[in-house]
Amino acid sequence: GAIARGKSLIVVGDSKQMPPTSFFQIKNTEDVSCDLEDQESVLDDCDVIGLPSRFLAWHYRSKHESLIRFSNAKFYDNKLITFPSPNDMVTKVSYINTHGVYGEKKATNVIEAKAIIKEVERRLKTPELKDMSIGIVTFSSVQQEVVEDLLSDFFAKHKDLEEIAENMKEPIIVKNLENIQGDERDVILFSVCYGPDSKGVMHHRFGPINNVGGEKRLNVAVSRARYEMVVFTSFEPEILSNMNTESRGAIELYNFLKYAKDGARTLTLPN
């Protein structure tokens, strides 16, 4: 209705990221692969009918090229205009294997969540880090709830650190990959959550990442940081090398974890 009332139309968006979805409003979808597709996008409609388009290449968010290098290579054909950093040989994407355990019934990873809370504590206690805003991104809504609960318990016991957090230029946010789009923070702490179960078995199921458009969700999640991103997992990327899947989301997750662990050289190596 709004479009029909105009004499002209300009639609701005990113087809490599995702339109609004209701994935986590559907029960029992945390650890299964389903055929749920993204909702219809006006941007996609305009593209399908052949309206003239222009690519906006300027990338403003990342203050270090390593934070956008993966997305630029995998999703934007290296067309984004980025600005080399004076310390470009040093990556600002780090990889931490917490050796956590993925719970099959509750679909959470408490060890990984606790590791993230410890990192929040370290940053709030470190003078040169405590002023950097923090965003925590999880792969699932149930892992988001675990992190939120642990963070609340932590602040209840450490009122001094809670005061520091409340006085930050931006509040600490905890969101899952379905609702992090549009947000950004100085530092992003990223919880993959999935990993080996209590028997050491690793299932190649990654919730919405496995579905059609899963790579768009990944692209959103890994491009939120301004200065630094820390990736928390419970396994080494190599464990995914034998995946038998056609899901681009799962394949790009494997590629991203390799990038986070081993750096830019992985982007020039065969997948």
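Residues numbered from 1 in each chain as written. Predicted model: local features only at pLDDT ≥ 70, side-chain atom pairs only at ≥ 80, totals over all residues. Heavy atoms only, no water.

Q: Can you walk me through the overall build of the protein chain in this structure?
A: Counting its secondary structure elements, the protein chain contains seven helices and five strands. The order of α-helices and β-strands along the protein chain, N terminus first, is α-α-β-α-β-α-α-β-β-α-β-α. Relative to a compact globule of 271 residues, whose C-alpha radius of gyration would be 18 Å, the protein chain shows 19 Å and is just as compact. For the protein chain, the spread of C-alpha atoms along the three principal axes comes to 60 × 40 × 40 Å. Taken over 271 residues, the protein chain has a buried fraction of 52%. Within the protein chain, contacts between residues separated by at least 24 positions form 77% of all contacts whose residues are at least 6 apart in sequence. Approximately 14,500 Å² of the protein chain is accessible, and the part contributed by carbon and sulfur atoms is 52%. (Helix = DSSP H or I, 4+ residues; strand = E, 2+ residues; numbered from the N terminus. Rg over C-alpha atoms; globule rule 2.2 N^0.38 Å. Buried < 20%, exposed > 50% of the residue type's maximum accessible area, 1.4 Å probe, protein only. Contact = heavy atoms within 4.5 Å. Areas by Shrake-Rupley, 256 points an atom, 1.4 Å probe, with all protein chains shown as cover.)

Q: What is the right way to look at unusual backbone geometry in this model?
A: Most peptide bonds take the trans form, and the phi angle of most residues other than glycine is negative. Unusually for a residue other than glycine, Ala107 sits at a positive phi of about 55°. Note on placement: Ala107 falls in the loop between strand E1 (93-97) and helix H3 (110-125). At Cys193, a position not held by glycine, the phi torsion is positive, near 75°. The class of Cys193 is buried, set by a relative accessible area of 0%.

Q: Would you mind going over a nonpolar patch on the surface with me for this structure?
A: On the surface, a nonpolar cluster with roughly 630 Å² of combined accessible area is contributed by Ile3, Leu9, Val11, Val42, Val48, Ile49 and Leu51. Along the chain, Leu9 turns up in the segment before helix H1 (42-48). By relative accessible area, Leu9 is classed as partly exposed at 40%. (Patch = residues over 30% accessible without salt bridge, like charges linked within 9 Å, V, L, I, M, F, W, Y side chains within 5 Å. Salt bridge = Lys/Arg side-chain N within 4 Å of Asp/Glu carboxyl O.)

Q: Can you walk me through the layout of surface pockets in this structure?
A: By rolling a water-sized probe across the atoms, one finds the places where empty space is left. A volume near 1,200 Å³ is recorded for the largest pocket. Put simply, the parts of the chain that give the lining of the largest pocket at least two residues each are H1 and helix H2 (66-75). With four residues, the top contributor of residues to the lining of the largest pocket is H1. The residue makeup of the lining of the largest pocket, split by class, is 17 nonpolar, seven polar and nine charged. (1 Å grid on protein atoms, 1.4 Å probe; cavity = no way out; pocket = protein on both sides within 12 Å on 5 of 7 lines; lining within 4 Å. Points joined across faces, edges and corners; volume = space filled by probe spheres on them. Nonpolar A, V, L, I, M, F, W, Y, C, P; charged D, E, K, R; others polar.)

Q: So what exactly am I meant to see when it comes to the side chain of Asp197 here?
A: Mapping Asp197 onto the fold places it in the loop between strand E4 (185-191) and helix H6 (214-221). Among buried Asp, Glu, Lys and Arg side chains, Asp197 stands out as unpaired, with Lys199 the closest opposite charge at 6.7 Å. Within the structure, Asp197 has its side chain in polar contact with the backbone nitrogen of Lys199 (distance 2.9 Å). Ignoring any residue separated from it by four or fewer positions in sequence, one finds Asp197 in contact with Val101, Tyr102, Glu104 and His203. (Lys, Arg positive; Asp, Glu negative; His and termini not counted. Polar contact = N/O pair within 3.5 Å; in protein donor to acceptor, adjacent residues only side chain to side chain.)

Q: What should I look at first to understand the confidence of the model for the protein chain in this one?
A: Segments scoring low in pLDDT should not have their predicted coordinates read at a detailed level. For the protein chain, per-residue confidence averages 88 on the pLDDT scale, and residues scoring 70 or more make up 91% of the total. Per-residue pLDDT stays below 50 along residues 32-39; that stretch engages in 17 contacts with residues further than four places along the chain or on separate chains. (pLDDT = per-residue confidence, 0-100.)

Q: Would you explain the packing of H2 against helix H7 (residues 248-262) in this entry?
A: What describes two packed helices is the angle between their axes and the distance between those same axes. Interaxial distance between H2 and H7 falls to 11 Å at its minimum, and their mutual angle equals 145°. Handedness of the H2/H7 crossing: right-handed. Facing H2, whose interface residues are Ser66, Arg69, Phe70, Lys74 and Phe75, H7 presents Arg248, Glu252, Asn255, Phe256 and Tyr259. Residue classes in the contact of H2 with H7 are distributed as four nonpolar, two polar and four charged. (Axes fitted to C-alpha atoms, helices over the stretch in contact; angles between N-to-C directions. Left-handed = near helix turned anticlockwise from the far one by under 90°.)

Q: Help me understand the nonpolar core, please; the structure alone is not making it clear to me.
A: For soluble globular proteins, nonpolar side chains are generally found buried alongside one another. Among the nonpolar cores identified, the biggest contains 42 residues, and Phe206, Met229, Val231, Phe256 and Leu257 are the most heavily contacted of them. Residue assignment for this core shows that the elements contributing at least two residues are H2, E1, E4, H6, strand E5 (225-233) and H7. Looking at this core element by element, the count peaks at seven residues for H7. With near-sequence residues (within four places) excluded, Met229 lies in contact with Leu67, Lys92, Val93, Ser94, Ile188, Val222 and Phe256. (Core = buried A, V, L, I, M, F, W, Y, C linked by side-chain atoms within 4.5 Å.)

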